[in-house]
Amino acid sequence: MLATEEFTRFPLLMWEKVLSKVNKSVVFMDDKCAEALHWSGGAATLLEAGARNLKQFSSFEACGVNEPKAVFVVSTLLKGRTVDIIKDIISLSHFQYCVVFTTVAHSVHLLANKVTTEMEESPVFEQFEEKLCEWMGNMNYTAEVMHVPVVFAPVSQQLIVTPPFAHLFPLLSPDLEAINEKRPEKRRFASLNDIDMHHLPAELQIEVKSLASALNSMFEATGTREESFALGPMSRIIAGELANLPQAKNRRKTAPNKASIIFVDRTMDLTGAVGHHGDNLVEKVLTVLKLLPGHVTDVQVDMLELTSLHKTPHTKNILAPGCLAQIQSSARSLWDAMLTSKHKEGVIEVRRQLVEAASKENLPIKMSMGRVTPEQLCSYIQLFRSSRGALESHCGVLQLGLATAQTLRHPSLPRWDSCLAFERLLLQALGDADFPAVLRQLLPLMKPRGVEDISASGSRLREDELGPDELILLLVYLYSLADETQPADHDTEEEEELEKLERDLIGALTLVISRETELSPLLQKLTGCTNPEELTAERVHSAVEKMFKTLRGLSSTRNHLKQLRSIYTASDGVHQATYRPFLRQILEEVFHPDRRECPDIEHMSGGLTDLLKTGFSMFMKVSRPHPGDNPLLFLFMVGGVTLSELRLIKEIVATHRPGTQVLVLSTRLLRPTDIPELLFNTQRLVPDIGV
């Protein structure tokens, strides 16, 4: 039986192919591949393999006369802008040997060049090799072009993310409108579920095919024969593409290891993705600390505590930041514990490991019991400053300790609890009042930051005051539950009341955003402005109007489902209203002892055999594939997974099916504010594929 470790090792095996070519070379790598490498050993692995330097994949980079070899690692098609950058770098350098690795398979390159026939050779890559020699200035120089799927990043033993597909997100109602606009009126689609692969824009087709190809490579390397299942329109398209891939069909005939993979659209449960109910330390770390430049998962950890420098404006950018991705075994075990434990347990484990590390190095540590404080953690960490050997031996644990301390004392952390309190209030209110009445409760909160809240308790503290980011999260939270908490028959008067209220909310939120003195990453994405000086009332108002247009369609994302339509349980007078995570419902169905067939979990990888079974099942009992049949289960979250869900999955498996191994694959690891960025991304249908 295959172990999940085989799959978390797969990314490292793929990087070995790159490492075999980097000796005495300068490596140029784009951000998406760099993030995948970051979780598989980082730049150190390249340097240990003999690379001379690692540079950004940019037209502004080049090499000197004494650097004759270059290796390029890109996550895009070898077309358009990607080709231009490679040409620019080569033209400004003196290379005699170039190697280009692309994560996009040759079969996808053929489709991008409108070639539909299958080929055993690689003509696109061979032609590009000739171009490389031409740009180097000598056709006798050496050029190699090859595909290597370095798209997977093993964040933990339970989770693998795919940085090149971090912005791949399920289709929404505005996308349906955009697709229908280009079709004759009589051939327009009634819902997102009617859309197939060939109806998508070419760029999105390329991205889906690239993802399916990468998954096939992983299953090929591990000898896996998967049964694919899907929940949601985008998941059905991806699962169908994997099922029908010619290479996958051939593999499944001989692969010895059985597994199930369930693709799930993130839009099936947005409530859980924007909610703050997850009592997890790492979730808070990822939310309050700044992202590493060019990354979507890992964050910057200030390393000043490990030096004798004082915190001043001049020391701010002197030190390179630390991070969460670590290779030391002690740090990896601490990281895995932090990922799936409760907040308090995670903090206690951080303290325990710091104490243990200090004891091993015979450092003069003063033990203290009781509540763990950021000051206490910092005092332990500062002990390591005096010993370079101790610093090197425990640098992984120290970085995780610093990340914890910096999160616990971060000024924006109180807003997490404020959001949680509001979410709980809104969840109860949804069962007791109509939607406009609940939505109206957000209006008093929508005022520019710093304005006093005249109430019995006086003005609110700045730290827990909700800003525009938190207000947008609350709007997504409410709209994602709107339809299932309200009666289906809305009268005209109620619709008019809702429209008027939305106009008031749009105006209020426009004012709040316009008065911001610093724009968060979310507001930058929403408005298209990088600094407050660029903001105009018209620009903000237009962006907020478009946002509400998307919000209105969020509550209908589960309407096509027959059984798993609800994630909300209303109050019955004894018990409070509760949120029922969609993933919990899926896993309870999959692991049900009666092997119940859920009509919403669509089987995708049957081919002709499955069609025959479907036909026979009309007049005789036929056993259909079930996702719980196999000892290994993959959950692929299209659009991202939260750490709360990781812990939930671990708990459900331990309770319902202890013998089953579950590995979570996802386009990304989510912070609450990631969801609005993905929802209101206007480039969702035409992703950047380097062309």
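Just above, that's the structure.
As the structure is a prediction and not an experimental result, all values here were calculated from the model.

What counts, and where the lines are drawn
- Residues numbered from 1 in each chain as written.
- Predicted model: local features only at pLDDT ≥ 70, side-chain atom pairs only at ≥ 80, totals over all residues.
- Heavy atoms only, no water.
- Helix = DSSP H or I, 4+ residues; strand = E, 2+ residues; numbered from the N terminus.
- Rg over C-alpha atoms; globule rule 2.2 N^0.38 Å.
- Buried < 20%, exposed > 50% of the residue type's maximum accessible area, 1.4 Å probe, protein only.
- Lys, Arg positive; Asp, Glu negative; His and termini not counted.
- Charge placed at Lys NZ, Arg CZ, Asp CG, Glu CD.
- Core = buried A, V, L, I, M, F, W, Y, C linked by side-chain atoms within 4.5 Å.
- Contact = heavy atoms within 4.5 Å.
- Pairing = 2+ DSSP bridges.
- Axes fitted to C-alpha atoms, helices over the stretch in contact; angles between N-to-C directions.
- 1 Å grid on protein atoms, 1.4 Å probe; cavity = no way out; pocket = protein on both sides within 12 Å on 5 of 7 lines; lining within 4 Å.
- Points joined across faces, edges and corners; volume = space filled by probe spheres on them.
- Nonpolar A, V, L, I, M, F, W, Y, C, P; charged D, E, K, R; others polar.
- Polar contact = N/O pair within 3.5 Å; in protein donor to acceptor, adjacent residues only side chain to side chain.

Engineer: Would you mind going over the overall build of the chain with me for this structure?
Structural biologist: Per the secondary structure count, the chain includes 27 helices and 14 strands. By the compact-globule yardstick of 26 Å for 691 residues, the chain fits well, its C-alpha radius of gyration being 26 Å. Dimensions of the chain, computed from C-alpha atoms along their principal axes, come out at roughly 80 × 75 × 55 Å. Counting over 691 residues, the chain shows a buried share of 56%. Distance between charge centres in the chain, computed from 73 positive and 88 negative side chains, equals 3 Å.

Engineer: Honestly, the nonpolar core in this entry has me stumped. Any pointers?
Structural biologist: Soluble globular proteins: nonpolar side chains tend toward being buried together. Membership of the largest hydrophobic core comes to 130 residues, with the highest contact counts inside it found for Leu439, Leu442, Leu475, Met547 and Ile586. When residues of this core are assigned to their parent elements, the largest contribution, 10 residues, is made by helix α20 (residues 468-481). Filtering out sequence-adjacent residues up to four positions away, Leu442 remains in contact with Leu426, Leu474, Leu475, Leu478 and Leu505. Of all hydrophobic cores here, the second largest spans 59 residues; its members include Trp15, Val27, Met197 and Met218.

Engineer: What should I look at first to understand the side chain of Asp674 in this one?
Structural biologist: Mapped onto the elements, Asp674 comes out in helix α27 (residues 674-679). Note on Asp674: relative accessible area 0%, which makes it buried. When residues no more than four places from it in sequence are discounted, the contact partners of Asp674 are Arg668 and Leu669.

Engineer: Even after reading the chapter, I still don't get the sheet that holds strand β2 (residues 53-56), so can you show me in this structure?
Structural biologist: Sheet strands pair via backbone hydrogen bonds, and the direction of the pair is either parallel or antiparallel. One open sheet accounts for five strands, arranged β2-β1-β3-β4-β5; its pairing is parallel. Edge strands, defined here as strands with exactly one partner in the open sheet, are β2 and β5 (142-147). For this sheet, the mean inter-axis angle between neighbouring strands, taken without regard to orientation, is 15°. Taken together, the four bridges between strand β1 (residues 26-29) and strand β3 (residues 69-74) define a ladder with parallel strand orientation. What sits directly across from Phe28, in β3, is Phe72. Against the sheet, helix α2 (residues 31-38) contacts β1, β2 and β3, and its axis sits at roughly 110° relative to β1. The strands touched by helix α6 (residues 123-136) are β4 (97-102) and β5; relative to β5, the strand with the most contacts, the crossing angle is about 145°.

Engineer: Explanation requested: empty space enclosed by the protein in the structure shown.
Structural biologist: In total, this model carries two cavities of 30 Å³ or more according to the counting rule given. Reported here for the second largest cavity is a volume of approximately 40 Å³. If you trace the second largest cavity, you find it lined by Val264, Asp265, Arg266, Met268, Asp269, Phe582, Leu583, Met637 and Glu645. Those elements that provide at least two residues to the lining of the second largest cavity are β9 (257-265) and α24 (582-590). Here the residues of the lining of the second largest cavity sort into five nonpolar, no polar and four charged.

Engineer: Is there a simple way to think about unusual backbone geometry in this case?
Structural biologist: With glycine set apart, most residues show a phi of negative sign, and most peptide bonds adopt trans. Residues other than glycine seldom take positive phi values, yet Lys24 does so here, at roughly 60°. Assignment of secondary structure puts Lys24 in the loop between α1 (4-19) and β1. Taking relative accessible area as the criterion, Lys24 reaches 55% and is therefore assigned exposed. Of note in the backbone geometry, Asn362 takes a positive phi value of approximately 55° without being a glycine. By the element assignment, Asn362 lies in the loop between α14 (343-360) and α15 (374-382).

Engineer: So what exactly am I meant to see when it comes to the sheet that holds strand β6 (residues 153-154) here?
Structural biologist: What the seven strands build is an open sheet, ordered β6-β7-β14-β13-β9-β8-β12; its pairing is mixed. Each end of this open sheet is capped by a strand with a single partner; those strands are β6 and β12 (602-603). The pairing of strand β8 (residues 224-231) with β12 spans two bridges and is antiparallel. Across the sheet, Phe229 pairs through a bridge with His603, a residue of β12.

Engineer: Got a minute to help me understand the side chain of His38 in this structure?
Structural biologist: The residue His38 is located in helix α2 in this model. Among the residues examined, His38 registers a relative accessible area of 18% and is labelled buried. Side-chain polar atoms of His38 contact the side chain of Asp298, separated by 2.6 Å. Beyond its immediate stretch of four places on either side in the chain, His38 contacts Leu292, His295, Asp298, Cys323 and Ala325.

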